[in-house]
Amino acid sequence: MTIAETTDQREETLFDRVGGHATFRSLIGTFFTEVRKDPELAALYPADDWAGAEQRLLLFFEQYWGGPVTYSRTRGAPMLKMRHMPYKVTPTMAARWAACMDTALDAIEVDADDRLLMADHVARACQYLINADD
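Cut-offs applied
- Residues numbered from 1 in each chain as written.
- Predicted model: local features only at pLDDT ≥ 70, side-chain atom pairs only at ≥ 80, totals over all residues.
- Heavy atoms only, no water.
- Helix = DSSP H or I, 4+ residues; strand = E, 2+ residues; numbered from the N terminus.
- Buried < 20%, exposed > 50% of the residue type's maximum accessible area, 1.4 Å probe, protein only.
- Disulfide = S-S within 2.5 Å.
- Expected span 1.5 Å × (residues − 1).
- Arc of directions from axis to C-beta.
- Contact = heavy atoms within 4.5 Å.
- Core = buried A, V, L, I, M, F, W, Y, C linked by side-chain atoms within 4.5 Å.
- Salt bridge = Lys/Arg side-chain N within 4 Å of Asp/Glu carboxyl O.

Trainee: Could you give an account of unusual backbone geometry, naming the residues involved and the relevant values?
Mentor: Positive phi is not limited to glycine here, since Met-79 has a value of about 40°. Mapped onto the elements of the fold, Met-79 is located in the loop between helix H6 (70-75) and helix H7 (80-84). According to the relative accessible area criterion, Met-79 is partly exposed, its value standing at 40%.

Trainee: Got a sec to walk through the state of the cysteines? Specific residues and values, please.
Mentor: Across all of its chains, the model carries zero disulfides by this definition. Free cysteine: Cys-100, not disulfide-bonded; nearest cysteine sulfur from Cys-126 at 9.9 Å.

Trainee: Can you break down helix H8 (residues 91-107) residue by residue, with the values?
Mentor: Taking 1.5 Å per residue, 17 residues should reach 24 Å; H8 reaches 24 Å between its end C-alpha atoms and fits that length. Every buried residue belonging to H8 is among Met-93, Ala-94, Trp-97, Cys-100, Met-101, Ala-104 and Leu-105, and all of these are buried. The buried side chains of H8 occupy one side of the element, clustering within an arc of 145° when seen end-on. In this structure, the buried residues of H8 make contact with helix H3 (20-36), helix H4 (39-42), helix H5 (50-64) and helix H9 (112-129).

Trainee: Explain the nonpolar core residue by residue, including any values.
Mentor: Within the largest apolar cluster, 36 residues are counted, with the highest numbers of intra-cluster contacts made by Phe-24, Leu-27, Phe-31, Phe-61, Trp-97 and Met-101. Of all the secondary structure elements, the ones that give two or more residues to this core are helix H2 (14-17), H3, H4, H5, H8 and H9. Setting aside anything within four residues of it in sequence, one finds Phe-61 in contact with Phe-24, Leu-27, Ile-28, Trp-97, Met-101 and Val-122.

Trainee: Lay out the pattern of salt bridges in plain terms, naming residues and giving numbers.
Mentor: Scanning the entire structure with this criterion turns up nine salt bridges. Across the pair Arg-96 and Asp-38 runs a salt bridge whose closest N-O atoms are separated by 2.7 Å. Here the residue Arg-96 occupies a position in helix H8, and Asp-38 occupies one in the loop between H3 and H4, the gap between them amounting to 58 residues. On the basis of relative accessible area, Asp-38 is assigned to the buried category, the value being 12%. Here Asp-120 and Arg-124 are joined by a salt bridge, their closest N and O atoms 2.9 Å apart.

Following this line, the structure appears as structure tokens:
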């Protein structure tokens, strides 16, 4: 087997399986639609940079699930905990964020197992980012 043959046999990622960029664009767009409906959650986002926040989350999710590494190339290592430290992330706010993402996950058509993987990641990440009490 040559190096070229090995390279061509790249493992399919969740990013690929669920439909790539178009699916993640839809997911994140729906998520931010839901966030805007929650005034307290929306207040955590910079009012003058909704498009930037949406783009950053899109790039992060795409990279995390095996898509392009544009997030790291443009922003450096994700450093999820450090990037969220300036914001008060309470258990209630984390649950509300997760609920918005859950609604967004319901809006995309993906295999049940892939949806479960994504929802589990969101739930664990939300718990990890809690840095304040209610």
